[in-house]
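The lines below spell out each chain.
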Amino acid sequence: MTAASTPGPRGTTGAGPEDAAAAARLTAVARELAEAAGAVRAAGRAVTAVASDPALLASLGRSPRRGLRAAGALARSLTDPAGLGHAPDGGRAGRAARLAGVAARRGSLATDLAATALRLRIRLCATRHAEYGAEGPVRRMLVAVEAGLPALALRILREDVRVRSAGHALAALAPSWEEVTAWHALADGNPFNDAAAWHTVTGTRPERALPSVPRSRGAGPVMELPDDAFPDGLDDGGGISAHLRNLAALGPGRMLTQQVTGPDGTTRCLVLLPGPEFVMPRTASPEGLVAAVAALCHGGSPYTLAAREALRRTVPDGMPVALVGHGPGGVAALHLAGGPRRPGRAVELVVTVGSPTGSGRLPAPGARVAGLAEEHDLMPCLEGCGPVPVLPPAPDRLELTWADPSYDVPKCLGAEAYAQSLDKTATEARDRVDELLAPYRGRAGKTVVHRLSGSRTGAPPCP
């Protein structure tokens, strides 16, 4: 999507009809290639399972001629360069054979299809971003990707980081970050990082949880006394831009709950979640830092636990709730709305801004999820929010992206900058989310601002 285009759901562009039609065809081809790559990989695993089945080996003694003929056919199916290529996978024997093939630089049809799908998705980014076609480090890096030269692409990225800083280099590459890193994992000759690349290709999430890490002392969830002076300066516009400005004013480590009587006379609760405070290595132990990151990913962070306790204290049971979060606050909002430990509140809507919205976190039944992301923001890309949705979006999810030509890292990633971008560049996305928030616009009632601290020692724990 170009800078002058209007935003739309992921996978669409706001350019002219011809460009939109070309992008749609490219998207369809990329999806079909990704599906074919997954099917070929599954076929290789199925043949490997048959070839390594002890029953097949036992049959050799009963009928050596037929058994050897079947074993030879299976071996050719797994190693024929004109067929599946080197396709053994799955089980101990399959993994050992796959590692041997990688060491011998044997090609795989599934990997080739996956890499081609990723390159097509990267090319789709070029149709949406003018800087991808202009001469510069991003263009040179993508040319190296097209040519299948991972070492050269990595060298160009390192040089760009050295010249322009990591923030600017990664922001320029953010629209295709997921695809570039997955392609590099498939092409770098290292078989131990291929699993993450395949999740990007197929649009799935890893099922294995992060290892548990002991938390530092004082890292339990706490909730301090509400701050009663802050609500006087709130922006009462009621739309997503106003909520983002309020999130910026709240600052990290806080949370706002506001009861609003909507146009229909129903009282609902609006919850704003800026996200947790950053854990600085100078003030926290290394295990505390790692535990904070791991807990945020799985809904057990001190911030999320304290926010859940704050909801229990301030929101009556059965009251409809809308959660609005920015960055890590959006991740916390998804955790609060979904999972077996979700609060006993009627969560109707979750709006995330600049946050990953992976399929691993599902809200309560009947809740809507709206995700907003500027395409140079790297954080939403951490869970596969690239320009080409591999799987069709769930009916309860609305994901909107746009490209702001005035992005300036890291300022453009803040809540205030997102509000300005929505008002100036992505008005269509703003209006669509405002429609979802319409029931939460009205007469404001009880408003409470909470300080949520999970790493400050000496703070009283939640009862």
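Refer to the preceding data block for the structure.
Reading the values: the criteria
- Residues numbered from 1 in each chain as written.
- Predicted model: local features only at pLDDT ≥ 70, side-chain atom pairs only at ≥ 80, totals over all residues.
- Heavy atoms only, no water.
- Helix = DSSP H or I, 4+ residues; strand = E, 2+ residues; numbered from the N terminus.
- Buried < 20%, exposed > 50% of the residue type's maximum accessible area, 1.4 Å probe, protein only.
- Contact = heavy atoms within 4.5 Å.
- Core = buried A, V, L, I, M, F, W, Y, C linked by side-chain atoms within 4.5 Å.
- Expected span 1.5 Å × (residues − 1).
- Axes fitted to C-alpha atoms, helices over the stretch in contact; angles between N-to-C directions.
- Parallel < 35°, antiparallel > 145°, perpendicular 65-115°, else oblique.
- Left-handed = near helix turned anticlockwise from the far one by under 90°.
- Nonpolar A, V, L, I, M, F, W, Y, C, P; charged D, E, K, R; others polar.
- Salt bridge = Lys/Arg side-chain N within 4 Å of Asp/Glu carboxyl O.
- Pairing = 2+ DSSP bridges.
- Phe/Tyr/Trp six-rings, centres within 6.5 Å; stacked < 30°, edge-to-face > 60°.
- Lys NZ or Arg CZ within 6 Å of the ring centre and 35° of its normal.

**Q** Outline the overall build of the protein, supporting the account with residue identities and numerical values.
**A** On a plain count of helices and strands, the protein comes out with 16 helices and nine strands. Looking at the protein as a whole, 46% of its 463 residues are labelled buried. Summarising the internal contacts of the protein: among those between residues at least 6 apart in sequence, 76% fall at separations of at least 24.

**Q** Describe the nonpolar core, with residues and values.
**A** Of all hydrophobic cores here, the largest spans 42 residues; its most connected members are Leu186, Trp198 and Val201. Going through the elements one at a time, helix H1 (17-51), helix H3 (64-79), helix H5 (109-128), helix H6 (137-146), helix H7 (150-164), helix H8 (166-173), helix H9 (177-187) and helix H10 (194-202) are the ones with two or more residues in this core. At ten residues, H5 tops the list of elements feeding residues into this core. Core analysis: the second largest hydrophobic core is formed by 28 residues, Leu250, Tyr418, Leu422 and Leu437 among them.

**Q** Could you give an account of helix H4 (residues 91-103), with specific residues and numbers?
**A** The terminal C-alpha atoms of H4, which comprises 13 residues, lie 18 Å apart, in line with the 18 Å expected from a rise of 1.5 Å per residue. Arg105 lies just past H4 and shows a positive phi near 60 degrees.

**Q** Outline the packing of H7 against H9, supporting the account with residue identities and numerical values.
**A** How two helices pack is summed up by the angle between their axes together with the distance between the axes. At a minimum axis distance of 10 Å, the contact between H7 and H9 shows a crossing angle of 135 degrees. In terms of orientation, H7 and H9 fall into the oblique class. The handedness of the crossing between H7 and H9 comes out as left-handed. Mapping the contact onto sequence places Pro150, Ala153 and Leu154 in H7 and Trp183, His184 and Ala187 in H9. Of the residues assigned to the contact of H7 with H9, the class counts are five nonpolar, one polar and no charged.

**Q** Tell me what's going on with the side chain of Asp194, and back it up with residues and numbers.
**A** One can find Asp194 in helix H10. Take Asp194: its relative accessible area is 14%, and that puts it in the buried class. If we ignore the near neighbours within four places in the chain, the residues touching Asp194 are Arg98, Ala185 and Leu186.

**Q** Describe the pattern of salt bridges, listing the residues and the values that go with them.
**A** Where charged atoms from two side chains of opposite charge approach closely, those side chains can pair. Tallied over the entire structure, the rule returns 13 salt bridges. Across the pair Asp431 and Arg430 runs a salt bridge whose closest N-O atoms are separated by 3.1 Å. Salt bridges linked by common partners bring Arg41, Arg45, Asp89, Arg98 and Asp194 together as one network.

**Q** Describe the side chain of His326, and please don't skip the residues or the numbers.
**A** Considering the arrangement of structural elements, one finds His326 in strand E5 (residues 320-326). Filtering out sequence-adjacent residues up to four positions away, His326 remains in contact with Leu247, Leu273, Pro274, Val353, Ser355, Leu413, Gly414, Ala415 and Tyr418.

**Q** Describe the pairing of strand E7 (residues 368-374), naming the residues involved and giving the relevant values.
**A** In terms of burial, E7 is largely enclosed, as six of its seven residues are buried. Across five bridges, strand E6 (residues 346-353) lies against E7 in parallel orientation. Note that in E7 the partner of Val350 across the bridge is Val369. Two elements, E7 and strand E8 (residues 397-402), share six bridges in a ladder whose sense is parallel. By the bridge assignment, Gly371 is partnered in E8 with Glu399.

**Q** Provide a residue-level description of the environment of Arg31, including the pertinent values.
**A** One can find Arg31 in helix H1. It is 9.0 Å that separates the C-alpha atoms of Arg31 and Arg121, two residues lying 90 residues apart in sequence.

**Q** Mind laying out the packing of aromatic side chains, listing which residues take part and the relevant values?
**A** Overall, the coordinates contain one aromatic pair when judged by the stated rule. The ring centre of Tyr440 lies 5.8 Å from the NZ or CZ of Arg268, which sits over that ring.

**Q** Run through the packing of H5 against H10, naming residues and quoting values.
**A** At a minimum axis separation of 10 Å, H5 and H10 run at an interaxial angle of 60 degrees. Judged on the interaxial angle alone, H10 and H5 are oblique. Pair H5 / H10 crosses with left-handed handedness. Only Trp198, Thr200 and Val201 of H10 make contact with H5, whose side of the interface consists of Ala110, Thr111, Ala114, Leu118 and Arg121.

**Q** So what about the environment of Pro380? Which residues, and what values?
**A** Note that Pro380 resides in the loop between E7 and E8. A relative accessible area of 3% means that Pro380 is categorised as buried.

**Q** So, the environment of Ala171: which residues are in play, and what are the values?
**A** Along the chain, Ala171 turns up in helix H8. When the C-alpha atoms of Ala171 and Asp377 are compared, they prove to be 6.3 Å apart, with 206 residues separating the residues in sequence.

**Q** Could you give me a rundown of the pairing of strand E4 (residues 267-273), with the residues and numbers involved?
**A** Of all the seven residues making up E4, six are buried; the element is thus mostly covered by neighbouring parts of the structure. Here strand E3 (residues 254-261) pairs with E4 via six bridges, running antiparallel. Following the sheet pairing, Thr261 is matched in E4 by Thr267. Between E3 and E4, which pair antiparallel and follow one another directly, the connecting turn spans five residues, one of which, Gly265, has a positive phi of 85 degrees. Direction of pairing for E4 relative to E5: parallel, over a ladder of five bridges. Bridge pairing in E5 places Leu273 opposite Gly325.

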